[in-house]
Amino acid sequence: MKSFALVGGALAAAIWLAGAADDCDYPTAAPVLRTDPPVRISGTRFVDRHGRIITLRGVNTAGNSKVPPFTPVRNGTLDPLPGWGLNYVRLLFTWEAFEPERCQYNASYLDYYKNAVRNAADLGLLVMVDFHQDAYSRFTNGGCGEGAPYWAVHSSIERDVPDNGPDCEHWGITMIGDPKTITAWDEFHKDSEGARDRYLKMTARVAAELAGEPNVFSYHLLNEPWGSDADLFDLYYLVQESIRRYDPNATVIVPPHALLSGAGPNKIPASNFTNYAYGPNYYSVFAFAGVGDPSPRRRLLEHQAHADGLGVPLIFGEFGIQPTQDIAVTLIREIYDYLDESAGSGAYWSYTPDWTPGEKDGWNAEDFSIVDDKGELRGPFVPRPYAVSIAGEPAEQTAAAYSYRFAWVNDAAKGATEFYVPAGFLDDAAVSVTAEAGGALPADTCAFASAFVYSCSVAGSGRVELLVEKPFATSAPPTAAPRTQAPPTSAPTQAPATGHPETAAPPSAAPATHAPPTQAPATGHPETAAPPLAAQTQAPPTVAPTRHPETAAPPLAEPTQAPPTVAPLVPTEAPGATGSPTTLAPPTPGPPVTKVPSAPEAAVGVRPPPLVAVALACVCLVLWL
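Residues numbered from 1 in each chain as written. Predicted model: local features only at pLDDT ≥ 70, side-chain atom pairs only at ≥ 80, totals over all residues. Heavy atoms only, no water.

Enquirer: Describe the overall build of the chain, listing the residues and the values that go with them.
Expert: Helix and strand counts for the chain stand at 12 helices and 21 strands. Here the chain holds 625 residues, and the buried ones make up 60% of them. The contacts of the chain with a sequence gap of at least 6 include a subset with a gap of at least 24, amounting to 77%. Surface accessibility of the chain: about 22,300 Å² in total, with carbon and sulfur atoms responsible for 58%. (Helix = DSSP H or I, 4+ residues; strand = E, 2+ residues; numbered from the N terminus. Buried < 20%, exposed > 50% of the residue type's maximum accessible area, 1.4 Å probe, protein only. Contact = heavy atoms within 4.5 Å. Areas by Shrake-Rupley, 256 points an atom, 1.4 Å probe, with all protein chains shown as cover.)

Enquirer: If you had to explain helix α9 (residues 297-310) to someone new, which residues and values would you point to?
Expert: Between its first and last C-alpha atoms α9 spans 20 Å; for 14 residues at 1.5 Å apiece the expected length is 20 Å, and the two agree. Regarding α9, the residues found buried are Arg297, Arg299, Leu300, His303, Gln304, His306 and Ala307. Count one or two residues on from α9 and you reach glycine 311, which has phi positive near 75 degrees. (Expected span 1.5 Å × (residues − 1).)

Enquirer: Just give me the short version of the state of the cysteines, but keep the residues and values in it.
Expert: With the rule as written, the count across this model stands at 3 disulfides. Here cysteine 24 engages in a disulfide with cysteine 103; their sulfurs sit 1.7 Å apart. In this structure, the disulfide formed by cysteine 24 and cysteine 103 twists by about 100 degrees around the S-S bond and is classed as right-handed. A residue pair is termed long-range when its members are at least 10 positions apart, and cysteine 24 in the loop between α1 (2-18) and β1 (40-42) and cysteine 103 in the loop between α2 (95-98) and α3 (107-122) qualify at 79 residues. For cysteine 103, a relative accessible area of 2% puts it in the buried group. Across the disulfide, cysteine 446 is cross-linked to cysteine 456 (sulfur-sulfur distance 2.0 Å). Here cysteine 446 and cysteine 456 share a disulfide; its torsion about the S-S bond, 115 degrees, makes the bridge right-handed. (Disulfide = S-S within 2.5 Å.)

Enquirer: Please provide a residue-by-residue account of the sheet that holds strand β10 (residues 281-282), values included.
Expert: Strands sit in the order β9-β8-β7-β6-β5-β4-β12-β11-β10 across an open sheet of 9 strands; the sheet is parallel. Looking at the sheet topology across the chains shown, the edges are occupied by β9 (276-278) and β10. In this structure, strand β8 (residues 251-254) lies alongside β9, joined through 3 bridges in parallel fashion. Its bridge partner being in β9, valine 252 is matched across the sheet by tyrosine 276. Sitting on the sheet, α3 is in contact with β5 (88-93), β6 (126-131) and β7 (216-220), with an inclination near 175 degrees to β5. With respect to the sheet, helix α10 (residues 328-342) is in contact with β4 (57-61), β10, β11 (315-319) and β12 (345-348), its orientation differing from that of β11 by roughly 170 degrees. (Pairing = 2+ DSSP bridges. Axes fitted to C-alpha atoms, helices over the stretch in contact; angles between N-to-C directions.)

Enquirer: Describe the pattern of salt bridges, with residues and values.
Expert: Between side chains of opposite charge, a pair can form as their charged atoms come close. Evaluation of the coordinates by the stated rule reveals 26 salt bridges. Note that aspartate 411 and lysine 414 form a salt bridge whose closest N and O atoms lie 3.8 Å from each other. Residue classification places aspartate 411 among the partly exposed residues on the basis of a relative accessible area of 28%. Take lysine 414: its relative accessible area is 25%, and that puts it in the partly exposed class. One salt-bridge network, held together by shared partners, links Arg57, Asp337, Asp340 and Arg384. (Salt bridge = Lys/Arg side-chain N within 4 Å of Asp/Glu carboxyl O.)

Enquirer: Which residues make up the sheet that holds strand β17 (residues 430-435), and what are the values?
Expert: Read from one edge of the open sheet, 5 strands run β14-β15-β21-β17-β18, paired in antiparallel fashion. On the outer flanks of this sheet lie β14 (392-400) and β18 (439-440), each paired with one strand and no other. Direction of pairing for β14 relative to strand β15 (residues 403-411): antiparallel, over a ladder of 8 bridges. Residue pairing in the sheet places glutamine 397 in a bridge with phenylalanine 406 of β15.

Enquirer: Any chance you could break down the packing of aromatic side chains for me, citing the residues and the numbers?
Expert: Tallied over the full model, the rule gives 30 aromatic pairs. Relative to phenylalanine 217, the ring of tyrosine 88 lies with its centre 5.6 Å away and its plane at 85 degrees, an arrangement referred to as edge-to-face. In this pair, tyrosine 88 sits in strand β5 while phenylalanine 217 sits in strand β7, placing the two residues 129 residues apart along the sequence. Considered together, tyrosine 88 and phenylalanine 217 belong to a single accessibility category, that of buried residues. (Phe/Tyr/Trp six-rings, centres within 6.5 Å; stacked < 30°, edge-to-face > 60°.)

Purely spatial values, then, with no claim about function.
Have a look at this one:
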């Protein structure tokens, strides 16, 4: 086997040196460019065509994109996403699938990918092109990695036979000490046999094909890479340069080192190019080990501080947890609470429609999918309202099971402020809009612009607050039904993330109504009927309505009371919480570590085997030191 690998590697190197194939060079045809990018960067924020701040809430698709046949997104696969409040897809792109042999591109894979991008556009979804890898290749890390093709593994390495099954469950731990993975990365950065050069030209070819797609808003340069700070600094410059040969206005996403997915940022210097965002992945190492405080706040704040120091936006490439973990609901709620507080962006890992109880996500026994084999939402991912596009500056945002509050400093010149609202969330709700200077605003200030988009057009400037309060329930809310009907045929007409030129005019609110249009989301997407967070059964709290939106609902028609006192930005409370708000004090520091895979399918509350937890803790301690 070793001699075969050496001969094969030598042959691959010879082909590279000869440069025989036409596709070994950069594309020569000039691409068709999108003329009006749907999202751009302004300082530390993402903004749309009208200058409104955009909150990007997405999902990674899909977990089984990493293994043959590499093509899990079919027509209809993405249809439920808008109904769940998702406005972009971090769409996995696999190098091995596109360039299985050196300089020989698989055109059918690129056709598949472009079709998925266009399906997303039809639904009003943006796309982040995610050049994805884990542990370098399926031919390293005991056959438990993915990403680079066989020929891109250095010829000095005896390639592993691809596995990606249950024996790969702990791939995140084994890759740390796997000599093949480490050597492969070292040789890649040296470009000793041309693998890095081929990667650059591969990304250029993808950009040349996607530069004209109106909803492609960014390229993630490389998922969870390895290398020194200097290696990665150089690599990021080269990759973005290759992409921007063909997509010159593209936003690129710059990640930290793979081993920092569970920790804070590393010390890669500020990139020597512009129009980029900082894109770490976040996974709680304590949650995976089943021990300790799962609060992510400290790490999220550290990543935010790093992005602020770079002067660029922060967008989390991945975050998630196995639904079977007993702290899953709490952990994910805390992450989304933080994103609400900061009007932050990120993508959940993952949406894998091919999930099954036996195969799970279809790669390394991972079990993260937000849907089960019937297409029903599972575990900690629950749709919740949030401000999607903000005409002005965000001030405060809190979401709970029976209330939602958002305050912003309005800029009428930028149009309407728009919200995602889950199906049924406004049913029986009291909705009020107040201005700091003028009290209650007319009832027609806010109305549904489409099935999932609630739009508020406010004249003038100053602080404005939207407050939604629902009656408290004494029984659990209805659960979502499986998908049995086709989704709506039209995308939200004013969703800021459509990527379609027809949204160029600044949006304005429709005539007053709290009922959504006829394409009600409960018809096309019955799975979204559940309230956005877990039900509460306790009596409503008695704290003042100006600080806590969980209080009793005011009358729907033009409240006569004075507008609420303007409160400073406070941390989000856990849904249903009473008393004082949570503090910004971070939990005990967690040691850095890479993302580790799921534990075996088990009942809620079952933790990983003690040996795994101990090994993980040891790895964390070493990395922390």
